[in-house]
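Residue-level listing of the chains:
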Amino acid sequence: RWVAGLLPGILAEASINVEPRIARWRAEGGNDAVLRHIEELRSSSAKRSHYEALLSQSLPAAELQRVVVQAGSDVASSSDLRAVLSKAAAQSRTGVAASSIEKVAGAVASSTDRTAVLQAFGQTDDRDQLLAVMRAAATIPSSTDKANLVSALLQRYLGRNDAALRDVFFRTLLTIPSSTDKANVLDDAIPFAVKS
């Protein structure tokens, strides 16, 4: 009886049979139960595998928002959090609040991981989400990572006739400390100057 009580926790922490466990938790009490059980896990990698299994199904916008917010405060490892948020971003063409994107991006400690998360959330046409991504991009510590992200998303900000997107793009560009990195982004932006 003691082993039977202990074994489910060990299997969950070891990320064994994750999909059936998520299905069982969901049958017990919906996504509320799933999120509650994931929060109780100790291992960052176990949390990651359970969040990824949950995100392998299409979630309504409100549920996706909850997953993003909880993962941002719940997953300690930068690389594990990057994996979860990148998977969430693939579902989020709209639906994740701008303030949540900025908050969870700040929770990703590694500059490279934060850049990858923001690039994933930047693959959208949702204006509010794009504004949030670029505001969060200003917090990327590495000059090169920031320049690479800004260049990769340049079309989404300068390819439209939208003053707010253009302004947030250039405000973030000004936070790039390296003059070489800044110049490289400006070189990429030159073709858009003709249209503006």
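Our subject is the structure that appears above.
Keep in mind the model is a prediction, meaning the values are calculated, not measured.

Asks: Which residues make up helix 9 (residues 143-152), and what values do they have?
Replies: Listed as buried for helix 9 are Ser143, Asp145, Lys146, Ala147, Leu149 and Val150. The elements touched by buried residues of helix 9 are helix 7 (111-121), helix 8 (127-137), helix 10 (154-158), helix 11 (163-173) and helix 12 (179-193).

Asks: Can you tell me about the pattern of salt bridges, naming the residues and giving the values?
Replies: Applying the stated rule across the entire model yields 10 salt bridges. In this structure, the salt-bridge partner of Asp162 is Arg127, at a minimum N-O distance of 2.7 Å. Pair noted here: Asp162 is in the loop between helix 10 and helix 11 and Arg127 is in helix 8, with a separation of 35 residues, a long-range link. Taken together, the salt bridges that share partners define one network made up of Asp32, Glu63 and Arg66.

Asks: Before we move on, could you go through helix 5 (residues 78-91) and cite the residues and values that matter?
Replies: Compared with an ideal rise of 1.5 Å per residue, which puts 14 residues at 20 Å, helix 5 spans 20 Å between its outermost C-alpha atoms and is within 8% of the ideal. Within helix 5, burial applies to Ser78, Asp80, Leu81, Ala83, Val84, Leu85, Ala88 and Ala89. Along its buried surface, helix 5 packs onto helix 3 (44-55), helix 4 (61-74), helix 6 (98-107) and helix 7.

Asks: If you had to explain the packing of aromatic side chains to someone new, which residues and values would you point to?
Replies: Tallied over the entire structure, the rule returns 2 aromatic pairs. Relative to Phe170, the ring of Phe169 lies with its centre 5.1 Å away and its plane at 90 degrees, an arrangement referred to as edge-to-face. For Phe169, a relative accessible area of 0% translates into the label buried. Taken together, Tyr157, Phe169 and Phe170 form an aromatic cluster joined through their ring pairs.

Asks: Tell me what's going on with the side chain of Asp74, and back it up with residues and numbers.
Replies: Counting through the fold element by element, Asp74 comes out in helix 4. Here Asp74 is in contact with Ile38, Glu39, Lys47 and Tyr51, once residues within four sequence places are set aside.

Asks: Break down the layout of surface pockets for me, citing the residues and quoting the values.
Replies: One number sums up the size of the largest pocket: a volume of about 160 Å³. Considering the residues around the largest pocket, the lining is formed by 13 residues, among which Leu158, Arg160, Arg166, Phe192 and Ser196 are closest to the centre. For the lining of the largest pocket, the secondary structure elements donating two or more residues are helix 10, helix 11 and helix 12. Counting residues per element, the lining of the largest pocket draws most heavily on helix 12, at 3 residues.

Asks: An account of the packing of helix 6 against helix 7 is needed here, citing residue identities and associated values.
Replies: For any two helices packed against each other, one specifies the inter-axial angle together with the distance between the axes. Put simply, helix 6 and helix 7 touch, their axes get as near as 9 Å, and they point 155 degrees apart. Looking at the two axes, helix 6 sits roughly antiparallel to helix 7. In the packing of helix 6 onto helix 7, the handedness of the crossing is right-handed. Side by side, helix 6 and helix 7 meet where Ile101, Ala105 and Gly106 of the first sit next to Arg114, Leu118 and Phe121 of the second. Of the residues assigned to the contact of helix 6 with helix 7, the class counts are 4 nonpolar, 1 polar and 1 charged.

Conventions adopted
- Within every chain, residues take consecutive numbers counted from 1 along the sequence as written.
- Local features in this predicted model are restricted to residues of pLDDT 70 or higher, and side-chain atom pairs are both shown and tallied only at a pLDDT of 80 or more, whereas totals for entire chains, interfaces and linings draw on every residue.
- Excluding hydrogens and water, the side-chain figures rest on all heavy atoms present in the structure.
- The buried label applies to any residue whose accessible area, calculated with a 1.4 Å probe on protein chains only, is under 20% of its type's maximum; exposed applies above 50%, and partly exposed to all values in between.
- A run of H or I in DSSP becomes a helix once it reaches four residues, and a run of E becomes a strand once it reaches two; helices and strands are each numbered from the N terminus.
- By the convention used here, residues are in contact when the closest approach between their heavy atoms is within 4.5 Å.
- We define a salt bridge as a side-chain nitrogen of Lys or Arg found within 4 Å of a carboxyl oxygen belonging to Asp or Glu.
- Multiply 1.5 Å by the residue count of a helix minus one, and that product is the helix's expected span.
- Each pair of aromatic rings taken from Phe, Tyr and Trp, with Trp reduced to its six-membered ring, is defined by centres within 6.5 Å and is described as stacked if the planes are under 30 degrees apart, edge-to-face if over 60, and tilted in the remaining cases.
- Every definition here rests on a 1 Å grid over the protein atoms only: cavities are sets of points where a 1.4 Å probe fits but cannot get out, pockets are open sets enclosed by protein on both sides within 12 Å along at least five of seven lines, and lining residues have some atom within 4 Å of a point.
- Grid points are joined across faces, edges and corners, and a volume is the space filled by probe spheres set on the points.
- The angle between two axes is taken between their N-to-C directions and runs from 0 to 180 degrees, where each axis is a line fitted to C-alpha atoms and a helix contributes only its stretch in contact.
- Relative orientations are named as follows: roughly parallel for angles under 35 degrees, roughly antiparallel for angles over 145 degrees, roughly perpendicular for angles from 65 to 115 degrees, and oblique for any other angle.
- Put simply, a crossing is left-handed when the front helix is turned counterclockwise from the back one by less than a right angle, and right-handed when it is turned clockwise.
- In this count, Pro and Cys sit with the nonpolar residues alongside Ala, Val, Leu, Ile, Met, Phe, Trp and Tyr, while Asp, Glu, Lys and Arg are called charged and the others, Gly among them, polar.

Everything listed here is a matter of geometry and, on its own, says nothing about what the molecule does.
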